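Descriptive analysis of the structure
Residues per chain, in single letters:
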Amino acid sequence: GQKGYSVAPDAVFVTGLSAGGAQAVNVLATHPDLFAAGALVAALPFGASSLSMTLPETHTPEEWAAMVNDASGYSGAYPRIIAFHGCIAKSAVSLTGCVGGDGVVSHENLKEIIKQWTGLHGADLEAAATRAVNGYPERRFQDATGIVGVDTYSLPGLGHALPVDPNGSGGLGQGGTVDVFAADA
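The shown structure was predicted, so the numbers you read here are calculated from the model rather than taken from an experiment.

Rules behind the numbers
- Residues numbered from 1 in each chain as written.
- Predicted model: local features only at pLDDT ≥ 70, side-chain atom pairs only at ≥ 80, totals over all residues.
- Heavy atoms only, no water.
- 1 Å grid on protein atoms, 1.4 Å probe; cavity = no way out; pocket = protein on both sides within 12 Å on 5 of 7 lines; lining within 4 Å.
- Points joined across faces, edges and corners; volume = space filled by probe spheres on them.
- Nonpolar A, V, L, I, M, F, W, Y, C, P; charged D, E, K, R; others polar.
- Buried < 20%, exposed > 50% of the residue type's maximum accessible area, 1.4 Å probe, protein only.
- Helix = DSSP H or I, 4+ residues; strand = E, 2+ residues; numbered from the N terminus.
- Axes fitted to C-alpha atoms, helices over the stretch in contact; angles between N-to-C directions.
- Parallel < 35°, antiparallel > 145°, perpendicular 65-115°, else oblique.
- Left-handed = near helix turned anticlockwise from the far one by under 90°.
- Contact = heavy atoms within 4.5 Å.
- Pairing = 2+ DSSP bridges.

**Points about the layout of surface pockets**
- In this structure, the largest pocket spans a volume of roughly 170 Å³.
- Considering the residues around the largest pocket, the lining is formed by Phe84, Val133, Asn134, Tyr136, Tyr153, Leu155, Pro163, Asp165 and Ala185.
- Its residues placed into classes, the lining of the largest pocket shows seven nonpolar, one polar and one charged.

Right, here's the structure in full:
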C-alpha cells in the first residue's frame, strides 16, 4: 500500500506489456484505490485464462465488470486505462481494430478489455469517439459525465512490442529506444 509514503493516489500509474500487461490489469482490478490509471500493451482482461492469449474468451461488459467487482469488492471509481495492441500487418487496420493480432496475443483481447473497462466505467460501448492519431486508430469511451475512462489504439506493423517514439516530443529524444520488445510506432 501507500502507507508511510507521501504519494498522492492520483499520481500512481501502472503499465505492462504482454504478461506484464495482464498483471497491470490484475492490480488495477484488485487494487483500484491505489492507481490513477494504467497503460496496457497486448494485455488480457481481468479474469481471462492464459489460453486467452490466442483463443480469447468473450463476455458481455456486465459479465467482465462483475468479475472485477467480485474480486475487489470496490465501490468507487475505477482507474482510467489506455490500451495499445500491435498488428503484424500494416494494412489490416481499420478504425475499429486490426485483423489478426501481434503474433503472440490475439487482437480480440483488446476488444474484451474494452468491454470490461467500459462496463466498469459505465461508458457506452457503442458510442466511442473514433479518430486517427498520426495514422493510428484511436477509440475513446466516456461515461455520462464526459470523462474518458477507456482509450485504445491499434498499431499496424508494431507486432508484439512496446510502442516507442525514438524521436520523442518533436525530436527531443525522449520517446524511448527501439529494441527487441520495443518498436518505433
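**Describing unusual backbone geometry**
- At Ser18, a residue that is not glycine, the phi angle is positive and equals roughly 65°.
- Under the relative-accessibility criterion, Ser18 is labelled buried at 18%.
- Of note, Ala42 is a non-glycine position whose phi angle comes to about 50°, a positive value.
- With respect to the helices, strands and loops of the structure, Ala42 is situated in the loop between strand S2 (37-41) and helix H2 (61-72).

**With respect to the packing of H2 against helix H3 (residues 108-121)**
- Look at H2 against H3: their axes get within 7 Å of each other, and the N-to-C directions meet at 70°. Classified by the interaxial angle, the pair formed by H2 and H3 is roughly perpendicular. The handedness of the crossing between H2 and H3 is right-handed. Facing Pro61, Trp64, Ala65, Val68 and Asn69 of H2, the residues of H3 in contact are Glu112, Lys115, Gln116, Gly119 and Leu120.
- Classifying every residue of the contact of H2 with H3 gives five nonpolar, three polar and two charged.

**Things to note about the sheet that holds strand S6 (residues 129-133)**
- Reading across the sheet, the six strands line up as S1-S2-S3-S8-S7-S6 and stay open at both edges, with mixed pairing between neighbours. Strands at the two margins of the open sheet, each flanked by one partner only, are strand S1 (13-17) and S6. Put simply, the sheet's adjacent strands are angled 15° from each other on average, direction ignored.
- In this sheet, strand S7 (residues 136-142) lies alongside S6 in antiparallel orientation, the contact comprising five bridges. Looking at the pairing, Thr130 lines up with Arg139 of S7.
- Against the sheet, helix H1 (residues 19-30) engages S1, S2 and strand S3 (80-87), with an angle of about 150° to S1.
- Packed on one face of the sheet, H3 meets S2, S3, S7 and strand S8 (148-156) and runs near 170° to S8.

**Description of the environment of Phe84**
- Relative to the helices and strands, Phe84 resides in strand S3.
- For the pair Phe84 and Leu110, spaced 26 residues apart in the sequence, the C-alpha separation amounts to 7.8 Å.
- Among all residues touching Phe84, those that are not within four sequence positions of it are Leu40, Val41, Ala42, Tyr153, Leu155 and Pro163.

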